[in-house]
Amino acid sequence: MMELRSTLAGRIVLTAIATVILLFLALPIVVILVTSFSNNAFASFPPSAWTLNWYKTLFADGSKWPAALTLSAFVACLSTLFSLIIGVTAATALTRSELPLRSAVYALILGPLVIPQIVTALGLFLLFEPAAMLGSPIAIALGHTVLASPIAVLILIATLRGIDERLEDAAASMGAGRLTIARRITFPLAAPGMIAAAIFSFITSFDEFYISQFLSSVDTVTLPVQVYNSLTFDIDPSVTAVSAILIAFAVLALGLVALVRWLGSGRQDSLLSVENTVGVATPGGEAE
């Protein structure tokens, strides 16, 4: 690989290979976006004519899509809140304390990412069914939290490990307590990572299907379940419009994550430069 990059021909070959791979990965997305504007009721590709009718159908009177979209957004917000609480707590314990059996705790937290989702969904169904919670948005949000919280933990662990602990030590040497350090130093610096964790948790919950399918009822149908029902029991070309909107939402969310991380990238460097210039704390622990 190094030999290829060292020559002009090698760089051209690598660029061509990378371009082909990226186009292959993006091809299904392009097909969905183009098909969503097709006037064909069977969602054929390429379209013979263009229309916006399928987007108008989504919000027509009697449409099931607005209710499914609202429920998915509400459940995703609850799941994001639960995931952030678990993520901040677990990431802080794993990076800022001498936690016993740290490796075992870390493996337990990441377990839902390894276990097949349908197995997790079945287990949640057997858990919530005796409690008569099937169809409850709270139950669906708790189920989504099982999958979203490990992602939040991973992001927040990486974020907290990237924060220079000298800033916290300097605050502690000047008499700040743990809560003050967390409120004034750690959490402000970790804000970009927390926002990224929230966005990815929201997307994970918003797009989740298996748990929603097992825990939903006739009156509580999330957007992915509604998409599945429309493809299974109906020929509804508005599914392509929904898919295009979800793709646009995911792209905007990833762009927001990149923007937040870029805006927050200089905050720690600025604090470190202030520490080095002013001399926040000396090795003996006294402020200069």
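Check the entry above for the structure.
Here we summarise the structure given alongside this text.

Parameters at a glance
Residues numbered from 1 in each chain as written. Predicted model: local features only at pLDDT ≥ 70, side-chain atom pairs only at ≥ 80, totals over all residues. Heavy atoms only, no water. Buried < 20%, exposed > 50% of the residue type's maximum accessible area, 1.4 Å probe, protein only. Helix = DSSP H or I, 4+ residues; strand = E, 2+ residues; numbered from the N terminus. Arc of directions from axis to C-beta. Phe/Tyr/Trp six-rings, centres within 6.5 Å; stacked < 30°, edge-to-face > 60°. Axes fitted to C-alpha atoms, helices over the stretch in contact; angles between N-to-C directions. Parallel < 35°, antiparallel > 145°, perpendicular 65-115°, else oblique. Left-handed = near helix turned anticlockwise from the far one by under 90°. Contact = heavy atoms within 4.5 Å. Nonpolar A, V, L, I, M, F, W, Y, C, P; charged D, E, K, R; others polar.

### Section: helix 8 (residues 165-173)
So, step 1. For helix 8, the full list of buried residues reads Leu 167, Glu 168, Ala 170 and Ala 171. When helix 8 is viewed along its axis, its buried side chains cluster within an angular range of 160 degrees and face the same direction.
So, step 2. In the stretch just after helix 8, Gly 175 is the one whose phi turns positive, near 100 degrees.

### Here's the deal with the packing of aromatic side chains
So, step 1. Enumeration over the complete set of coordinates arrives at 6 aromatic pairs.
So, step 2. Taking 5.8 Å as the distance between ring centres and 55 degrees as the angle between the ring planes, the aromatic pair formed by Phe 202 and Phe 249 counts as tilted. Taken together, the residues span a long stretch of sequence, with Phe 202 in helix 9 (residues 178-207) and Phe 249 in helix 12 (residues 238-278) at a distance of 47 residues.
So, step 3. When the centroid spacing of 5.1 Å and the interplanar angle of 50 degrees are considered together, the rings of Phe 209 and Tyr 228 count as tilted. Pair noted here: Phe 209 is in the loop between helix 9 and helix 10 (210-215) and Tyr 228 is in helix 11 (residues 223-233), with a separation of 19 residues, a long-range link.
So, step 4. On the accessibility criterion, Phe 209 (22% relative accessible area) is partly exposed.

### A look at the packing of helix 8 against helix 9
So, step 1. Contact pair helix 8 / helix 9: the axes reach a minimum separation of 10 Å and the direction vectors enclose 170 degrees. In terms of their interaxial angle, helix 8 and helix 9 are classed as roughly antiparallel. In the packing of helix 8 onto helix 9, the handedness of the crossing is right-handed. Here helix 8 contributes Leu 167, Glu 168, Ala 171 and Ala 172 to the contact with helix 9, which in turn contributes Ile 181, Ile 185, Thr 186 and Leu 189.
So, step 2. Its residues assigned to classes, the contact of helix 8 with helix 9 shows 6 nonpolar, 1 polar and 1 charged.

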